Amino acid sequence: MSLTEFAFSLVFFTLLGLAYVKGYDAVKKHAPTYLPHFYLIMTAVRIVMVITVVAVYTLLISKSRDDSIHFAIWFLILYGVMMIVTLIYKH
């Protein structure tokens, strides 16, 4: 994995995590009864975005099968870490 891919992954998940945290705070402040809806929508958005990034990398950027596998594994590990951190931070 190159430094560019690593940096992109970290920035992507940092921004995605910040969007969740800020959105959670806004929904909690203005309409707390909609928190379950917000959580489900954000979960779907995060999953779709992660799958899209992995698919784009695999189909357009990757030069080999091994690169694709390593990137997908790395991205899914970071997705799991982001989920754990945001759930601990906000619940």
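About the thresholds
- Residues numbered from 1 in each chain as written.
- Predicted model: local features only at pLDDT ≥ 70, side-chain atom pairs only at ≥ 80, totals over all residues.
- Heavy atoms only, no water.
- Core = buried A, V, L, I, M, F, W, Y, C linked by side-chain atoms within 4.5 Å.
- Buried < 20%, exposed > 50% of the residue type's maximum accessible area, 1.4 Å probe, protein only.
- Helix = DSSP H or I, 4+ residues; strand = E, 2+ residues; numbered from the N terminus.
- Contact = heavy atoms within 4.5 Å.
- Expected span 1.5 Å × (residues − 1).
- Polar contact = N/O pair within 3.5 Å; in protein donor to acceptor, adjacent residues only side chain to side chain.
- pLDDT = per-residue confidence, 0-100.
- Lys, Arg positive; Asp, Glu negative; His and termini not counted.
- Salt bridge = Lys/Arg side-chain N within 4 Å of Asp/Glu carboxyl O.
- 1 Å grid on protein atoms, 1.4 Å probe; cavity = no way out; pocket = protein on both sides within 12 Å on 5 of 7 lines; lining within 4 Å.
- Points joined across faces, edges and corners; volume = space filled by probe spheres on them.
- Nonpolar A, V, L, I, M, F, W, Y, C, P; charged D, E, K, R; others polar.
- Patch = residues over 30% accessible without salt bridge, like charges linked within 9 Å, V, L, I, M, F, W, Y side chains within 5 Å.
- Areas by Shrake-Rupley, 256 points an atom, 1.4 Å probe, with all protein chains shown as cover.
- Phe/Tyr/Trp six-rings, centres within 6.5 Å; stacked < 30°, edge-to-face > 60°.
- Lys NZ or Arg CZ within 6 Å of the ring centre and 35° of its normal.

Colleague: Even after reading the chapter, I still don't get the nonpolar core, so can you show me in this structure?
Modeller: Formed by 14 residues in total, the largest nonpolar core has its most connected members in Phe12, Phe13, Val50, Phe71, Phe75, Tyr79 and Met82. For this core, the element with the most residues is helix 3 (residues 65-90), which contributes seven residues. Other than its neighbours up to four places away in sequence, Tyr79 contacts Phe13, Thr43, Arg46, Ile47 and Val50. By size, the runner-up hydrophobic cluster in this structure holds seven residues, among which are Tyr20, Val21, Leu35 and Met42.

Colleague: Whenever I open this one, helix 2 (residues 35-61) confuses me. Can you help?
Modeller: Side chains that are three or four residues apart share a direction in an α-helix, a result of its 3.6 residues per turn. In this model helix 2 runs 37 Å from its N-terminal to its C-terminal C-alpha over 27 residues, within 8% of the 39 Å that 1.5 Å per residue would give. Listed in full, the buried residues belonging to helix 2 are Leu35, Phe38, Met42, Thr43, Arg46, Val50, Val53, Val54 and Tyr57.

Colleague: Help me out: how do you make sense of the side chain of Ser62 in this one?
Modeller: One can find Ser62 in the loop between helix 2 and helix 3. Of note is the side chain of Ser62, whose polar atom sits 2.7 Å from the backbone oxygen of Ser64.

Colleague: Looking at this model, I keep getting lost on the confidence of the model for the protein. Mind explaining?
Modeller: Parts of the model with low pLDDT should not have their predicted coordinates read in detail. When pLDDT is averaged along the protein, the result is 89; 97% of the residues meet or exceed 70. Within the protein, the lowest mean pLDDT, 87, falls on helix 3, and the highest, 92, falls on helix 2.

Colleague: When you look at the side chain of Arg46 in this model, what are you seeing that I'm missing?
Modeller: Position of Arg46 among the secondary structure elements: in helix 2. Among buried Asp, Glu, Lys and Arg side chains, Arg46 stands out as unpaired, with Asp25 the closest opposite charge at 13 Å. Residues within four places of Arg46 in sequence aside, it is in contact with Leu16, Tyr20, Tyr39, Tyr79, Met82, Met83 and Thr86.

Colleague: Please explain the layout of surface pockets as it appears in this structure.
Modeller: It is the rolling of a water-molecule-sized probe over the atoms that shows where space remains empty. One number sums up the size of the largest pocket: a volume of about 190 Å³. Along the walls of the largest pocket sit Leu10, Phe13, Thr14, Gly17, Leu18, Val21, Leu78, Val81, Met82, Val85 and Thr86, which together make up its complete lining. At the level of secondary structure, the elements contributing two or more residues to the lining of the largest pocket comprise helix 1 (3-30) and helix 3. No other element matches the six residues that helix 1 contributes to the lining of the largest pocket. Of the residues belonging to the lining of the largest pocket, the class tally is eight nonpolar, three polar and no charged.

Colleague: Is there a simple way to explain a nonpolar patch on the surface in this structure?
Modeller: A cluster of nonpolar side chains, namely Ile69, Ile73, Ile77, Val81 and Val85, defines an oily patch on the protein surface of about 420 Å² accessible area. Mapped onto the fold, Val85 is located in helix 3. When its relative accessible area of 49% is taken as the criterion, Val85 is described as partly exposed.

Colleague: What's the story with the packing of aromatic side chains in this structure? I'm lost.
Modeller: The geometry of two aromatic rings is summed up by the distance between their centres and the angle between their planes. Applying the stated criterion across every chain, the model contains 11 aromatic pairs. Centre to centre, the rings of Phe12 and Phe75 are 5.3 Å apart; their planes meet at 35°, and the pair counts as tilted. One end of the pair, Phe12, is in helix 1; the other, Phe75, is in helix 3, with 63 residues separating them in the sequence. Judged by centre distance (5.1 Å) and plane angle (25°), the ring pair of Phe71 and Phe75 falls under stacked. Of this pair, Phe71 and Phe75 both sit in helix 3, four residues apart, which is roughly one turn of that helix. Accessibility expressed as a relative area gives 2% for Phe71, which makes it buried. Three or more aromatic residues link up through ring pairs in this structure, and these residues are Phe8, Phe12, Phe13, Tyr57, Phe71 and Phe75. Above the ring of Tyr20, the side-chain terminus of Arg46 is found at 4.6 Å from the ring centroid.

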